[in-house]
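# Summary of structural features
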Amino acid sequence: MRESLEPQNDPWKDKLTSDQYFVCRMKGTEPPFTGIYHDSKEKGVYNCLCCGAKLFSSDTKFDSGTGWPSFWESISDNVTTKEDTSHGMLRVEALCKNCGAHLGHVFDDGPNPTGLRYCINSVSLKLEK
Ligand SMILES: [Zn+2]
């Protein structure tokens, strides 16, 4: 399936900044170490920027050293995954199940107990303290 690059009349365009739109709706990636949450230790729940769904708890956040906020588990099943073959790589994309926002990617080199690493763009998230 081919997705058009610049959807016409996309209502998200008016609601998001260009950086947010690029990541959440165009599946972009923010540069590492530039986001506001990559080294955040604050307690709370990380919600979807676009729709407010609860995605990750700060209790499952860990310092992966990658420059992106990393979690070893998502909240219940608010995060859905999909195979991503873009850029010549086979990766697993993480998306908000509720609104389809692109969040980041999931890798299987995370810590116990899940062994997963949700590598998420800060800009896709909003921390609710
Ligand atoms: Zn969402």
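About the criteria used
Residues numbered from 1 in each chain as written. Predicted model: local features only at pLDDT ≥ 70, side-chain atom pairs only at ≥ 80, totals over all residues. Heavy atoms only, no water. UniProt positions renumbered as here; feature names shortened; annotations may be inferred. Pairing = 2+ DSSP bridges. Helix = DSSP H or I, 4+ residues; strand = E, 2+ residues; numbered from the N terminus. Axes fitted to C-alpha atoms, helices over the stretch in contact; angles between N-to-C directions. Donors = N, O, S within 2.8 Å, 3.2 Å for Na, K, Ca; no water. Buried < 20%, exposed > 50% of the residue type's maximum accessible area, 1.4 Å probe, protein only. Phe/Tyr/Trp six-rings, centres within 6.5 Å; stacked < 30°, edge-to-face > 60°. Lys NZ or Arg CZ within 6 Å of the ring centre and 35° of its normal. Contact = heavy atoms within 4.5 Å. Salt bridge = Lys/Arg side-chain N within 4 Å of Asp/Glu carboxyl O.

- Looking up the chain in an unreviewed UniProt entry gives the name peptide-methionine (R)-S-oxide reductase, with the organism given as Nitrosotalea devaniterrae.
- UniProt lists a comment for the chain under the heading Sequence similarities (unreviewed entry), and it reads "Belongs to the MsrB Met sulfoxide reductase family."
- According to UniProt, the comment filed for the chain under the heading Catalytic activity (unreviewed entry) is "L-methionyl-[protein] + [thioredoxin]-disulfide + H2O = L-methionyl-(R)-S-oxide-[protein] + [thioredoxin]-dithiol".

## Some words on the sheet that holds strand β2 (residues 54-57)
- The strand order across the open sheet built from three strands is β2-β1-β9, with neighbouring strands paired in antiparallel fashion. Strand pairing shows two members of the sheet lacking a second neighbour, β2 and β9 (125-128), which therefore form its edges. Each adjacent strand pair in this sheet contributes to an overall mean axis angle of 35°, direction not counted.
- With three bridges connecting them, strand β1 (residues 45-48) and β2 associate as antiparallel partners.

## Details of the coordination of the zinc ion
- Protein coordination at the zinc ion: the donors are Cys-48 (SG), Cys-51 (SG), Cys-96 (SG) and Cys-99 (SG), at 2.3 to 2.4 Å from the metal.
- Spacing between the donor residues of the zinc ion along the chain follows C-x2-C-x44-C-x2-C. The same class applies to Cys-96 as to Cys-99, namely buried.

## Thoughts on the packing of aromatic side chains
- Under the counting rule described, the total for this entry stands at four aromatic pairs.
- Residues Tyr-46 and Phe-71 carry aromatic rings whose centres are separated by 5.2 Å and whose planes lie at 70° to one another, so their mutual orientation is edge-to-face. Of this pair, Tyr-46 sits in strand β1 while Phe-71 sits in strand β4 (residues 70-71), and the two are 25 residues apart along the sequence.
- For Tyr-46, a relative accessible area of 0% corresponds to the buried category.
- Note on Phe-71: relative accessible area 0%, which makes it buried.
- Consider the rings of Phe-56 and Phe-71, whose centres lie 4.3 Å apart with planes at 15°: the pair is stacked. Here the residue Phe-56 occupies a position in strand β2, and Phe-71 occupies one in strand β4, the gap between them amounting to 15 residues.
- Its relative accessible area of 0% is what places Phe-56 among the buried residues.
- Grouped by ring-pair contacts, the aromatic residues Tyr-37, Tyr-46, Phe-56, Phe-71 and Tyr-118 constitute a single cluster.
- Geometry around Trp-12 places Lys-15 over its ring, the cationic atom sitting 5.2 Å from the centre.

## Here we look at the side chain of Ser-74
- Residue position: Ser-74 is located in the loop between β4 and β5 (79-84).
- Those residues in contact with Ser-74 that lie beyond four places of it in its chain are Leu-55, Phe-56, Val-79 and Tyr-118.

## Comments concerning the sheet that holds strand β6 (residues 91-96)
- In spatial order, the strands read β3-β4-β8-β7-β6-β5; together these six strands make up an open sheet with antiparallel pairing. Among the strands making up the open sheet, the edge pair consists of β3 (61-62) and β5.

## Here we look at the pattern of salt bridges
- In total, this model carries seven salt bridges according to the counting rule given.
- Salt-bridge contacts for Glu-128 lead to Lys-54; the nearest nitrogen and oxygen are separated by 3.8 Å. In this pair, Glu-128 is assigned in strand β9 and Lys-54 in strand β2, connecting sequence segments 74 residues apart.
- When the shortest N-O distance is used, the salt bridge between Asp-84 and Arg-91 registers 3.6 Å.
- Residue Asp-84 is classed as buried on the basis of its relative accessible area of 11%.
- Look at Arg-91 and you get buried, because its relative accessible area is 16%.

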